[in-house]
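Below, each chain spelled out in residue letters.
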Amino acid sequence: MMFQKDIETMPREQINALQLERLKQTVKYCYDHVPLYHKRLDEAGVGDGSKIKTLSDIEYIPFTTKDDFRDNYPFGLTAAPMKDIVRIHASSGTTGKPTVGVYTKEDLKIWADCVARVAVAGGVTADDVIQISFGYGLFTGALGLHYGLENIGATVIPASSGNTEKQLMMMRDYGVTGLVATPSYALYLSECAKKSGYPMSDYKLKLGILGSEPCTVAMRTKIEENFGIRVSDNYGMTELGGPGVSGDCEARDGMHFAEDHFLPEIIDPETGKHVAEGEYGELVITTLTRKGMPVLRYKTRDITKIDYTPCSCGRTHARMAKTRGRTDDMLIIKGVNVFPTQIENILIETENVAPHYKLIITRDAAFRDHLEIQVELINANILDNFQALTELQRAIEAKMQSILGLRAKVTLVPPNTVERFQGKAKRIDDRRNQI
Ligand code: ADP
Ligand code: ZN
């Protein structure tokens, strides 16, 4: 099944022709409406884009980065007048200012189409009852899936996240057939369901439409076995409007992009040049139809590869492989984006501790993530003072909670016991892949 079959099976030459036409329009639109792009396009000699003749000319267009979003917070990259903006979303925003995305009415419609494609490719039909267990709010995931699923005619339950018992009760009572969540939360729910005392036959669940963080095949299989469902993965990010950028089809051999709305490239993150077709590199995406906040060559920092060969499902749009990590050191813990530098900044501002630390991330038997931060004391004397030690530890934990938006366990260790590094520091010990 496909949501927009004509588009999803469009021959490659036609996709490329459409992309070229839309790329030119987007460059002109950005040039005319966003001062930052105007300046950069002029500096790069691209101007309003009228010189762009082929898709490969995209290489002359400068990249856009997450810092550009931060530096132009909140509306500096907005291209449409505010009166045409009907929705604002933002990323989890752990690094100081959040990343903001704005949408016109038309943007919302296209978004709902892209998400509908992903959901239908994942097996959703109008007969399904889907529970959305993403946190509702500024996060693009919940409302993105919400409108995409309604667009198909599925029944949507806006459960939001948290309160596991209630989540499971809704699943049983409302005859839920599909779950939308992060893979880690889906895994947790599935473990709880097994332990909850109700027979698994009380659940009508068939599908998991999961995304917003990496999901290995091993993890996917575990969720599938626990719930007796089939899981599909989908990918997106706030800067590009949220979910709906790409998603698994029934073949699950790469996630199909919505290539009529997003133009993907893979670059070598060091040189900025295109890698050979099929090689791994950093995913860069240009939006082709967004009006509220169009983005030229956004460096996603996600490492993946693109497959342009035809897929057994009949879709012609290119497929991205599951991501193989990121070019930056961003961690995703319990769905929250965390940069180690944020932690470092907190420690630098804290008295009595050194900026030497280690982050240990584990996943417990119930598949919940835990972050432990080992922090080195400057002065060993404090080790003999239990009260002072406890107070310091609590104070750091409270700061971490308020700035990261995440609970972390702080362990204070004696001076000079945290490993020192000659070259690039290896401060992160992520043990989650061991399950
Ligand atoms: P979110 O809307 O999930 O908070 P953010 O914009 O904060 O999104 O984070 C986007 C990042 O999440 C992506 O750059 C990518 O690293 C990660 N991500 C999202 N979906 C997936 C997925 N299906 N597989 C792997 N990583 C994903
Ligand atoms: Zn396919």
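Anyway, here's the lowdown on the structure attached to this text.

1. What about the overall build of the protein chain?
Inference 1: Looking only at helices and strands, the protein chain has eleven helices and 20 strands in total.
Inference 2: A compact globule built from 435 residues would reach a C-alpha radius of gyration of about 22 Å, and the protein chain, at 23 Å, matches this within 12%.
Inference 3: Principal axes of the C-alpha set define a box for the protein chain whose edges measure 70 × 60 × 45 Å.
Inference 4: Within the protein chain, the proportion of its 435 residues that are buried is 54%.
Inference 5: A separation threshold of at least 6 residues defines the contact pool for the protein chain, and within that pool the share at least 24 residues apart is 66%.
Inference 6: Of the roughly 19400 Å² of accessible surface on the protein chain, 51% is carried by carbon and sulfur atoms.
Inference 7: Within the protein chain, the 57 negative side-chain charges are centred at a point lying 2 Å from the centre of the 53 positive side-chain charges.

2. Here's the deal with the packing of helix α8 (residues 183–195) against helix α9 (residues 217–227)
Inference 1: Between α8 and α9, the least distance of the axes is 9 Å, while the angle of their chain directions is 30°. Compared by their axis directions, α8 and α9 come out roughly parallel. Viewed along their axes, α8 and α9 form a crossing whose handedness is left-handed. From α8, Pro183, Ser184, Ala186, Leu187, Leu189, Ser190, Glu191, Ala193 and Lys194 reach across to α9, where they touch Met219, Lys222, Ile223, Asn226 and Phe227.
Inference 2: Among the residues making up the contact of α8 with α9, the classes are represented as eight nonpolar, three polar and three charged.

3. Some thoughts on the nonpolar core
Inference 1: Counting 44 residues, the largest nonpolar core has Leu23, Val27, Leu41, Ile61, Leu240, Phe257 and Leu283 as its most contacted members.
Inference 2: Sorting elements by how many residues they give to this core places helix α2 (residues 12–33) first, with six residues.
Inference 3: Each residue touching Leu23, except ones within four places of it in the same chain, is listed here: Ile52, Leu55, Ile58, Ile61, Leu263, Thr286 and Leu288.

4. Structural notes on the environment of Leu41
Inference 1: Among the secondary structure elements, Leu41 is positioned in helix α3 (residues 35–43).
Inference 2: Under the relative-accessibility criterion, Leu41 is labelled buried at 1%.
Inference 3: A sequence separation of 251 residues divides Leu41 from Gly292, and the C-alpha atoms of the two residues are 19 Å apart.
Inference 4: Apart from the residues within four sequence positions on either side, Leu41 is in contact with Val27, Tyr31, Val46, Gly47, Ile61, Pro62 and Leu296.

5. Focus on the pairing of strand β8 (residues 242–248)
Inference 1: When you tally the buried positions in β8, you get seven out of seven residues, the bulk of the element.
Inference 2: Here strand β7 (residues 230–237) pairs with β8 via four bridges, running antiparallel. Within β8, the residue paired with Met237 across the bridge is Gly242.
Inference 3: Adjacent in sequence and paired antiparallel, β7 and β8 are bridged by four residues, among which Gly241 carries a positive phi angle near 100°.
Inference 4: The pairing of β8 with strand β9 (residues 255–257) spans three bridges and is antiparallel. Note that in β9 the partner of Asp248 across the bridge is Met255.
Inference 5: In this antiparallel pair of consecutive strands, β8 and β9, the connection spans six residues, and Arg252 shows a positive phi of 50°.

6. Observations regarding the site of ligand 1
Inference 1: Asp233, Asn234, Asp302, Arg326 and Asn337 are the nearest of the 18 residues found near ligand 1.
Inference 2: With respect to ligand 1, the backbone of Ser212 contributes an N or O atom lying 3.2 Å from a nitrogen atom.
Inference 3: The side chain of Asp233 places a nitrogen or oxygen atom 2.8 Å from a nitrogen atom of ligand 1.
Inference 4: For ligand 1, whose free accessible area comes to 550 Å², the fraction covered by protein is 95%.

7. Digging into the environment of Pro264
Inference 1: Here Pro264 lies in strand β10 (residues 262–267).
Inference 2: Each C-alpha atom, one on Pro264 and one on Ile306, is 8.4 Å from the other, the two residues being 42 residues apart in sequence.
Inference 3: Apart from residues no more than four positions distant in its own chain, Pro264 is found in contact with Gln19, Phe257, Glu259, Leu283, Val284, Ile285, Ile306 and Tyr308.

8. Here we look at the packing of aromatic side chains
Inference 1: Here the structure, examined in full by the defined rule, presents five aromatic pairs.
Inference 2: Here Phe69 and Tyr298 contribute two aromatic rings whose centre-to-centre distance is 5.6 Å and whose plane-to-plane angle is 85°, an arrangement assigned as edge-to-face. With Phe69 in helix α4 (residues 66–71) and Tyr298 in strand β12 (residues 298–304), this residue pair connects regions lying 229 residues apart in the sequence.
Inference 3: According to the relative accessible area criterion, Phe69 is buried, its value standing at 5%.
Inference 4: Aromatic pair Phe134 and Phe139: ring centres 5.3 Å apart, planes at 90°, arrangement edge-to-face.

9. Remarks on the coordination of the zinc ion (ligand 2)
Inference 1: Donor atoms from the polypeptide that bind the zinc ion (ligand 2) are Cys249 (SG), His256 (NE2), Cys311 (SG) and Cys313 (SG), placed at 2.1 to 2.3 Å.
Inference 2: Mapped onto the sequence, the donors of the zinc ion (ligand 2) take the spacing C-x6-H-x54-C-x1-C. On the criterion of sequence distance, the pair formed by Cys249 in the loop between β8 and β9 and Cys311 in the loop between β13 (306–307) and β14 (319–320) is long-range, its members being 62 residues apart.
Inference 3: Residue class for Cys311 comes out buried when judged on its relative accessible area of 8%.

What counts, and where the lines are drawn
Residues numbered from 1 in each chain as written. Chains lettered and ligands numbered in written order. Predicted model: local features only at pLDDT ≥ 70, side-chain atom pairs only at ≥ 80, totals over all residues. Heavy atoms only, no water. Helix = DSSP H or I, 4+ residues; strand = E, 2+ residues; numbered from the N terminus. Rg over C-alpha atoms; globule rule 2.2 N^0.38 Å. Buried < 20%, exposed > 50% of the residue type's maximum accessible area, 1.4 Å probe, protein only. Contact = heavy atoms within 4.5 Å. Areas by Shrake-Rupley, 256 points an atom, 1.4 Å probe, with all protein chains shown as cover. Lys, Arg positive; Asp, Glu negative; His and termini not counted. Charge placed at Lys NZ, Arg CZ, Asp CG, Glu CD. Axes fitted to C-alpha atoms, helices over the stretch in contact; angles between N-to-C directions. Parallel < 35°, antiparallel > 145°, perpendicular 65-115°, else oblique. Left-handed = near helix turned anticlockwise from the far one by under 90°. Nonpolar A, V, L, I, M, F, W, Y, C, P; charged D, E, K, R; others polar. Core = buried A, V, L, I, M, F, W, Y, C linked by side-chain atoms within 4.5 Å. Pairing = 2+ DSSP bridges. Near = heavy atom within 4 Å. Polar contact = N/O pair within 3.5 Å; in protein donor to acceptor, adjacent residues only side chain to side chain. Phe/Tyr/Trp six-rings, centres within 6.5 Å; stacked < 30°, edge-to-face > 60°. Donors = N, O, S within 2.8 Å, 3.2 Å for Na, K, Ca; no water.

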